[in-house]
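# Secondary and tertiary structure notes
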Amino acid sequence: MAMKEERVVSRLRRHKRIRKKVSGTTVSPRLNIFRSARHIYCQIIDDTKGVTLASASTLDEEIKGSVLSGKKKNEKWRKADSAKVVGAAIAKRALEKGIEKVVFDRGGYLYHGRIKALAEAARESGLKF
């Protein structure tokens, strides 16, 4: 197995182990995160109904405009900065729908870098977990 495949398999193994314990309810839905090489995506999911209540990603039109590309603007813009914008957006959308408390599902990723930035931004914007 190549090194990249091993990392993906390890993450999926961690994610399965976490999902055995973490489940979203109607009272406190699950904040799920997926991170790719370029983008970060998050959803608030009610697992009892199997419904996505809110979502945000770096590909959303309103977020895409606020996320600068370092190559175009000659500014230093880190992926963690993009994650902060997404975290604030998901918290805003959740609070609009009356969701204040969530269960955090880091998706098998380490709580570091972009994942940590997104979580802290969501907390600062009023989401509790």
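Refer to the structure printed above.
Scope of this entry: the structure provided in the associated data block.

Conventions used here
- For every chain, the first residue of the written sequence is number 1, and numbering continues from 1 along that sequence.
- Local features in a predicted model are, by the rule used here, given only for residues with pLDDT of at least 70; side-chain atom pairs are given and counted only at 80 or more, and totals for whole chains, interfaces and linings are based on all residues.
- Only hydrogens and water are set aside; all other atoms, that is, all heavy atoms of the structure, feed into the side-chain values.
- Being paired, for any two strands, means DSSP has found at least two bridges between them.
- Labels follow the DSSP assignment, with helices taken as runs of H or I lasting at least four residues and strands as runs of E lasting at least two, numbered in each case from the N terminus.
- In this scheme, a helix's expected span is set at 1.5 Å multiplied by one less than its residue total.
- Buried residues are those whose accessible area, probed at 1.4 Å on protein chains only, stays under 20% of the maximum for their type, while exposed residues exceed 50% and partly exposed ones sit between those limits.
- Here the arc refers to the directions that run from the helix axis out to each C-beta atom.
- Among the buried residues, those of types Ala, Val, Leu, Ile, Met, Phe, Trp, Tyr and Cys that are joined through side-chain atoms within 4.5 Å form a nonpolar core.
- Contacts are assigned to residue pairs that have any heavy atoms within 4.5 Å of one another.
- What counts as an axis is a line fitted to C-alpha atoms, over the stretch in contact for a helix, and the angles between N-to-C directions run from 0 to 180 degrees.
- One speaks of a salt bridge when a side-chain nitrogen belonging to Lys or Arg is within 4 Å of a carboxyl oxygen belonging to Asp or Glu.

### Let's talk about the pairing of strand E3 (residues 51-57)
As judged from the six bridges shared by strand E2 (residues 40-46) and E3, these two strands associate in the antiparallel manner. If you follow Tyr41 over to E3, its bridge partner there is Ser57. Here E2 folds back onto E3, and the loop between the two strands holds four residues, one of which, Gly50, carries a positive phi near 70°.

### A few points about helix H1 (residues 3-21)
Between the first and last C-alpha of H1 there are 28 Å, a value that for 19 residues agrees with the 27 Å anticipated at 1.5 Å per step. Buried within H1 we find Arg11, His15 and Ile18. Along the axis of H1, the buried residues cluster in a sector spanning 65°; they form a single face. Opposite its buried face, H1 presents the exposed residues Arg13, Lys16 and Lys20, each directed more than 90 degrees away.

### Overview of the nonpolar core
As a rule of thumb, soluble globular proteins bury nonpolar side chains together. Ranked by internal contacts, the top residues of the largest apolar core, which has 26 residues, are Leu31, Cys42 and Ile44. Looking at this core element by element, the count peaks at seven residues for helix H4 (residues 79-96). Not counting residues within four places of it along the chain, the set of residues in contact with Leu31 comprises Cys42, Gln43, Ile44, Ile90, Val102, Val103, Phe104, Asp105, Leu127 and Phe129.

### Some thoughts on the sheet that holds E3
Hydrogen bonding along the main chain pairs the strands of a sheet, whether they run parallel or antiparallel. Read from one edge of the open sheet, four strands run E3-E2-E1-E4, paired in mixed fashion. Each edge of the sheet is formed by a strand with only one pairing partner; in this case those strands are E3 and strand E4 (103-105). Taking the axes of each pair of neighbouring strands and ignoring which way they run, one obtains an average angle of 20° across the sheet.

### Describing the pattern of salt bridges
According to the stated counting rule, one finds five salt bridges in the structure shown. One salt bridge in this structure joins Arg19 and Asp47, with 3.7 Å as the shortest N-O distance. Of this pair, Arg19 sits in helix H1 while Asp47 sits in the loop between E2 and E3, placing them 28 residues apart in sequence. Between Arg93 and Glu62 there is a salt bridge; the shortest N-O distance is 3.0 Å. Of this pair, Arg93 sits in helix H4 while Glu62 sits in helix H2 (residues 61-66); the two residues are 31 residues apart in sequence, bridging distant segments of the chain. Each of Arg19, Arg30, Asp47 and Asp105 takes part in a single network of salt bridges with overlapping partners.

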